[in-house]
Amino acid sequence: MNYFPDEVIEHIFDYVLSHRDRNALSLVCKSWYRIERCTRQRVFIGNCYSITPERLIQRFPGLKSLTLKGKPHFADFSLVPYGWGGFVSPWIEALAKSRVGLEELRLKRMVVSDESLELLSRSFTHFKSLVLVSCEGFTTDGLAAIAANCRFLRELDLQENEVEDHKGQWLSCFPDSCTSLVSLNFACLKGEVSLGALERLVARSPNLKSLKLNRSVPLDALQRIMMRAPQLADLGIGSFAHDPESEAYIKLKNTILKCKSITSLSGFLEAAPHCLEAIYPICSNLTSLNMSYAAGIQGSDLIKLIRHCVKLQRLWIMDCIGDKGLSVVAMTCKDLQELRVFPSVHLGNPAAVTEEGLVAISKGCPKLHSLLYFCHQMTNAGLIEVAKNCPNFIRFRLCILDATKPDPDTMQPLDEGFGAIVQSCRRLRRLSLSGQLTDQVFLYIGMYAEKLEMLSIAFAGESDKGMVYVLNGCKKLRKLEIRDCPFGNMALLTDVGKYETMRSLWMSSCEVTVGACKLLAKKMPRLNVEIFNENEQEDCSLEDGQKVEKMYLYRTLAGKRKDAPEYVWTL
Amino acid sequence: MPVLDAEQPDNNDMINFEETELRLGLPGGSAIDHGHGELTLKGTGAKRGFSETASVDLKLNLSSTNDSASASASASASVSPSSLSSDNTTTVAPPPPATDPAKPPAKAQVVGWPPVRSFRKNIVSVQKNNNEEGGGGAAFVKVSMDGAPYLRKVDIKLYKSYQELSDALAKMFSSFTIGKCGSQGVKDFMNETKLIDLLNGSDYVPTYEDKDGDWMLVGDVPWEMFVESCKRLRIMKGSEAIGLAPRAVEKYKNRS
């Protein structure tokens, strides 16, 4: 089979980087499997319970970068009770025991302890990069260990984690010899950091390209930091509120003029509108802008800012920008590829964007491929037009705040609108639905969404047929998450083999019963079928006819997990 | 491009089950709130008909200020068979909602809806609270001018004195002033001798609504006190403002 020596094949494999392609290589023949596994450096595990760490290490001894995801996606919305799982410690322990020279660890929705961080920091001399997204369970003490012990640390990126702040000086734990930082993001931390230590750290990090500060860093410190790091490309501003006539503010304005390399701006965790004009001079360089945390900024100020941002490719914003503001975006940001509009309803503002804003965007920004849009209402006509204007959607996530709202103009469900989206956007990989929807929309999805990998459904559908259309039609489906839909046992059991081709299925508040789940678990031993039983009654036993409130199933080679809490019943 | 990105939206889990009339769950079981958005059911039981949930109005607008317009719009959209596009295979006949008709239709607050990460929701509402505490943040008040086609908003905390404010207002409304007096009239309000001329004439006079809802003439109290108590500004025609300035009129009379 092989006409080339191993070294040649290895060299060729060096050019093959994507996980999927490498997985494909490993399936060609035994020889390629062997070569591939020995040369593989980056591994992505979408569900930490799908395989044991030991098995992973055995297969890929050359592992340098590991990405792990833990809890199901709906954990983000409090649908997964506390203590469900997703613990990283067995992984770090197994890796520490092995000879793997881990350099990079990226975790999402996992539980991370300080002990694990400490172990991580001491076990891998060449450890370079730690990225934690939506994780919990650790404190600033764990961060201190990372700072103190990882001598060649390049990246410490903390995104939206729940971190207990012990008011220690974790940032001061970076030794003077640490000069390798490229990326530092501590925006999610609630506590104060030593500003002096921060400034000195920035001063001795000539390669620092990305810096995201937390709320405790005031404007004058920001100015000093920016002075020391004119090479910054990606800046997250902490506090941005100051008297516009103060010396600090004027200094900042001048400093900003020197920061021509900044192409990405975020944060504004505390911002006063009048300070925004300090940014105008660099707006024309920005390709990415995230104002979605800036609660104090009104739509009019956002609009003024955006008028300067002609090169924007990614925009995350709050819905106070309004439909009119989105028209301005459409006129200004011709290169826009990704847009996220977050709701400010919980701030007491009425929901502020509708189909108008989205249609305007679709007309002005044909390159748009990723959308997350929280809106007050949507119409079929609007969606049809969006589908026509933007056929390139890869991710289309629409959230109508009133979850079962029909088209307000016609009082019809939104089946036709979403149908148009899936029919037009042949490259669609991720879709989230909302609004009043019948089984029809699922028929469309099954028919047209050939590349769909992830589908999120809530309060939709009329019968089992809806779910069956999706399971039968979407060949590439990997993740399906459903809540509050009338899908039941017939749909669940219609094609049990399908679930081994998928990563996971979540169903909550649907019509599925315990009996059906048991049957499924019996038929498919390589699935873990978990039921969450949050009933407090001690003597409760699961009767077959009982409705299941929450079910999460996933394919696995690791068998039933041993760390499940009491309320999780693996059938 | 990092494999992980913080892409998912956040969570809004303001659950207040005392207020919620709607039980999302199995009928016959009542929901107990354990405080963290965890929903447990007292008793499981009869099959839940989707028709019941479909007919129930999920008014999932969670705005605390009563956005009655949107609430009523969704109120009228309760699902009925005719509004479901049917292919004649299923007709769902929704029975009336299983709620006490005497209770008003509550704004149902559903776990995990809208799907916004709690991290995001908490961060942003902390900021808003801080802004509202007054210490920092802006103090935007509406400014109307009689005869102008639209209102403006001004952050009065940006200014340090009445003079600065009046300059800013003059600039803002310079395009709207009618007649020869124009912005000059506004600028002169601090000058008491001119005040009477203003009040008698067709000039404009700045007034404000204070915390108690009373309309006052701008300029009487120290600046800081004004910023604290001012809720709204209105630039009135002088002829209408006569009743607001009895003290000034007194002073003037006493002088002359």
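Residues numbered from 1 in each chain as written. Chains lettered and ligands numbered in written order. Predicted model: local features only at pLDDT ≥ 70, side-chain atom pairs only at ≥ 80, totals over all residues. Heavy atoms only, no water.

Peer 1: Which parts of the structure should I look at to understand the overall build of chain B?
Peer 2: Broken down by element type, chain B carries 8 helices and 7 strands. A burial count over chain B gives 42% of its 256 residues as buried. In chain B, 57% of the contacts between residues at least 6 apart in sequence involve partners at least 24 apart. Surface accessibility of chain B: about 13100 Å² in total, with carbon and sulfur atoms responsible for 52%. (Helix = DSSP H or I, 4+ residues; strand = E, 2+ residues; numbered from the N terminus. Buried < 20%, exposed > 50% of the residue type's maximum accessible area, 1.4 Å probe, protein only. Contact = heavy atoms within 4.5 Å. Areas by Shrake-Rupley, 256 points an atom, 1.4 Å probe, with all protein chains shown as cover.)

Peer 1: Quick question: what am I supposed to make of the pattern of salt bridges here?
Peer 2: Where side chains of opposite charge bring their charged atoms close, a pairing between them can arise. Residue and element names in this part refer to chain A. This model, assessed by the stated rule, comprises 33 salt bridges over all chains. Here Glu270 ties to Arg215 by a salt bridge, and the two come within 2.9 Å at their closest N and O atoms. Within this pair, whereas Glu270 is found in strand β11 (residues 264–271), its partner Arg215 is found in the loop between β9 (210–212) and α9 (219–228), the two being separated by 55 residues in sequence. Here Glu511 makes a salt bridge to Lys547, at a shortest N to O gap of 3.3 Å. Highlighted residues: Glu511 in the loop between β20 (504–508) and α20 (514–523) and Lys547 in the loop between β21 (527–532) and β22 (550–555), separated in sequence by 36 residues. Neither residue differs from the other here; Glu511 and Lys547 are each classed as buried. (Salt bridge = Lys/Arg side-chain N within 4 Å of Asp/Glu carboxyl O.)

Peer 1: What am I meant to see in the environment of Pro244 of chain A here?
Peer 2: Within the secondary structure, Pro244 of chain A sits in the loop between β10 (234–240) and α10 (247–258). For Pro244 of chain A, a relative accessible area of 27% puts it in the partly exposed group. Each C-alpha atom of the pair Pro244 of chain A and Cys275 of chain A lies 6.7 Å from the other, and the pair is 31 residues apart in sequence. Excluding residues that lie within four positions of it along the chain, Pro244 of chain A makes contacts with Tyr249, Ile250 and His274 of chain A together with Leu158 of chain B.

Peer 1: Would you mind going over the packing of helix α13 (residues 322–332) of chain A against helix α14 (residues 355–364) of chain A with me for this structure?
Peer 2: The relative placement of two packed helices is expressed as an angle between their axes plus a distance between the axes. All names here are of chain A. In contact at an axis separation of 8 Å, α13 and α14 are set at 5° when each is read in the N-to-C sense. It follows that α13 is roughly parallel to α14 by the angle criterion. Contacts from Asp323, Leu326, Ser327, Val329 and Ala330 in α13 reach Glu356, Gly357, Leu358, Ala360, Ile361 and Gly364 in α14. Taken together, the residues of the contact of α13 with α14 break down into 6 nonpolar, 3 polar and 2 charged. (Axes fitted to C-alpha atoms, helices over the stretch in contact; angles between N-to-C directions. Parallel < 35°, antiparallel > 145°, perpendicular 65-115°, else oblique. Nonpolar A, V, L, I, M, F, W, Y, C, P; charged D, E, K, R; others polar.)

Peer 1: For this particular structure, what's the right way to read helix α17 (residues 439–448) of chain A?
Peer 2: Since there are 3.6 residues in each turn of an α-helix, residues three or four apart along the chain are aligned in direction. Residues and elements named next belong to chain A. Most of α17 is tucked away, with 7 of its 10 residues classed as buried. Those residues of α17 that sit buried are Asp439, Val441, Phe442, Tyr444, Ile445, Gly446 and Tyr448. Among the structural elements, α16 (415–424), β17 (430–432), β18 (454–458) and α18 (464–473) are those in contact with the buried residues of α17. Between the side-chain oxygen of the N-cap and the backbone nitrogen of Gln440 there are 3.1 Å, and the N-cap of α17 in question is Thr438. (Polar contact = N/O pair within 3.5 Å; in protein donor to acceptor, adjacent residues only side chain to side chain.)

Peer 1: Help me understand the pairing of β18 of chain A in this model?
Peer 2: All names here are of chain A. Taken across its 5 residues, β18 has 5 buried, putting it largely inside the fold. Here β18 shows no split at all, with Met454, Ser456 and Ala458 on one side and Leu455 and Ile457 on the other all buried. Of the strand pairs in this sheet, β17 and β18 are connected by 3 bridges, and their pairing is parallel. Paired with Leu431 across the two strands is Leu455, which belongs to β18. Note that the unit made of β17, α17 and β18 has a crossover that is right-handed. Sheet topology note: the β18/strand β19 (residues 479–483) ladder contains 5 bridges and is parallel. Pairing of Ala458 across the sheet is with Arg483, part of β19. For the segment spanning β18, α18 and β19, crossover handedness is right-handed. (Pairing = 2+ DSSP bridges. Right-handed = clockwise from strand over helix to strand, strands pointing away.)

Peer 1: What exactly am I supposed to notice about the pairing of β21 of chain A here?
Peer 2: Each regular strand displays side chains that alternate between the two surfaces of the sheet. Residue and element names in this part refer to chain A. Taking burial as the measure, the 6 residues of β21 include 6 buried ones, the bulk of the element. Across 6 bridges, β21 lies against β22 in antiparallel orientation. Following the sheet pairing, Val529 is matched in β22 by Leu553. With 3 bridges connecting them, β21 and strand β23 (residues 568–570) associate as antiparallel partners. Bridge pairing in β23 links Ile531 to Trp569.

Peer 1: Sorry, what's going on with the sheet that holds strand β5 (residues 204–209) of chain B here?
Peer 2: To summarise the sheet geometry, strands pair through backbone hydrogen bonds and adopt either a parallel or an antiparallel arrangement. Residues and elements named next belong to chain B. Sheet architecture is open: 5 strands sit in the order β4-β3-β7-β5-β6, paired in mixed fashion. With partners counted over all chains shown, the strands left at the sheet margins are β4 (152–155) and β6 (215–217), one partner each. Neighbour-to-neighbour, the strand axes of this sheet turn through a mean angle of 35°, independent of strand direction. Examined bridge by bridge, β5 and β6 share 3 bridges and lie antiparallel to one another. Considered in β6, the bridge of Glu209 is made with Trp215. Against the sheet, helix α4 (residues 162–173) contacts β3 (140–145), β4 and β7 (232–237), and its axis sits at roughly 155° relative to β4.

Peer 1: Please explain the side chain of Ser129 of chain A as it appears in this structure.
Peer 2: For Ser129 of chain A, the position within the fold is in strand β4 (residues 129–133). Within the structure, Ser129 of chain A has its side chain in polar contact with the side chain of Glu155 of chain A (distance 2.6 Å).

Peer 1: Quick question: what am I supposed to make of the side chain of Asp323 of chain A here?
Peer 2: All names here are of chain A. Counting through the fold element by element, Asp323 comes out in helix α13. There is no salt bridge for the buried Asp323, and the closest opposite charge comes from Lys324, which lies 6.8 Å off by N-O distance. There is a polar contact of 2.9 Å between the side chain of Asp323 and the backbone nitrogen of Gly357. For Asp323, the residues in contact, after removing those within four places along its chain, are Ala352, Val353, Thr354, Glu356, Gly357 and Tyr373. (Lys, Arg positive; Asp, Glu negative; His and termini not counted.)

Peer 1: What is the right way to look at the nonpolar core in this model?
Peer 2: Burial of nonpolar side chains together is a common tendency in soluble globular proteins. Within the largest apolar cluster, 189 residues are counted, with the highest numbers of intra-cluster contacts made by Leu66, Phe240, Phe396, Ile445, Leu492 and Leu505 of chain A. When sequence neighbours within four positions are dropped, the list of residues in contact with Leu492 of chain A reads Met467, Tyr499, Leu505, Met507, Val512, Ala516, Cys517, Leu520, Met551 and Leu553 of chain A. Grouped together as the second largest cluster of nonpolar side chains are 23 residues, Tyr162, Ala168, Leu169 and Val218 of chain B included. (Core = buried A, V, L, I, M, F, W, Y, C linked by side-chain atoms within 4.5 Å.)

Peer 1: When you look at the state of the cysteines in this model, what are you seeing that I'm missing?
Peer 2: Here, the word disulfide means a covalent bond between the sulfur atoms of two cysteines. Residue and element names in this part refer to chain A. Applying the stated criterion to the full structure yields 0 disulfides over all chains. Of all cysteine sulfurs in the structure, the one in Cys283 sits closest to Cys275, which takes part in no disulfide; the separation is 14 Å. Free of any disulfide, Cys390 has its nearest cysteine sulfur in Cys365, 7.4 Å distant. The exposure class assigned to Cys390 is buried, which follows from its relative accessible area of 0%. (Disulfide = S-S within 2.5 Å.)

Peer 1: Whenever I open this one, unusual backbone geometry confuses me. Can you help?
Peer 2: In this structure, Pro114 of chain B follows Trp113 of chain B across a cis peptide bond, with omega equal to -5°. Residue position: Pro114 of chain B is located in the loop between α2 (68–75) and α3 (118–132). For Phe459 of chain A, which is not a glycine, the phi torsion comes out positive at approximately 55°. Relative to the helices and strands, Phe459 of chain A is located in the loop between β18 and α18. Here Phe459 of chain A falls in the buried class, since its relative accessible area comes to 7%.

Peer 1: Which parts of the structure should I look at to understand the packing of aromatic side chains?
Peer 2: Each pair of aromatic rings is reported with the distance of its centres and the angle of its planes. Summed over all chains, the structure comprises 22 aromatic pairs over all chains. Ring centres of Tyr208 of chain B and Phe226 of chain B lie 4.8 Å apart, and the angle between their planes is 85°; this geometry places the pair in the edge-to-face category. Of the two residues, Tyr208 of chain B sits in strand β5 while Phe226 of chain B sits in helix α7 (residues 223–229), which places them 18 residues apart along the sequence. Judged on exposure class, the residue Tyr208 of chain B and its partner Phe226 of chain B are both buried. Every member of this aromatic cluster is reached through a ring pair, and the members are Tyr49, Phe74, Phe77, Trp84, Trp506, Phe532, Tyr552, Tyr554 and Tyr567 of chain A. (Phe/Tyr/Trp six-rings, centres within 6.5 Å; stacked < 30°, edge-to-face > 60°.)

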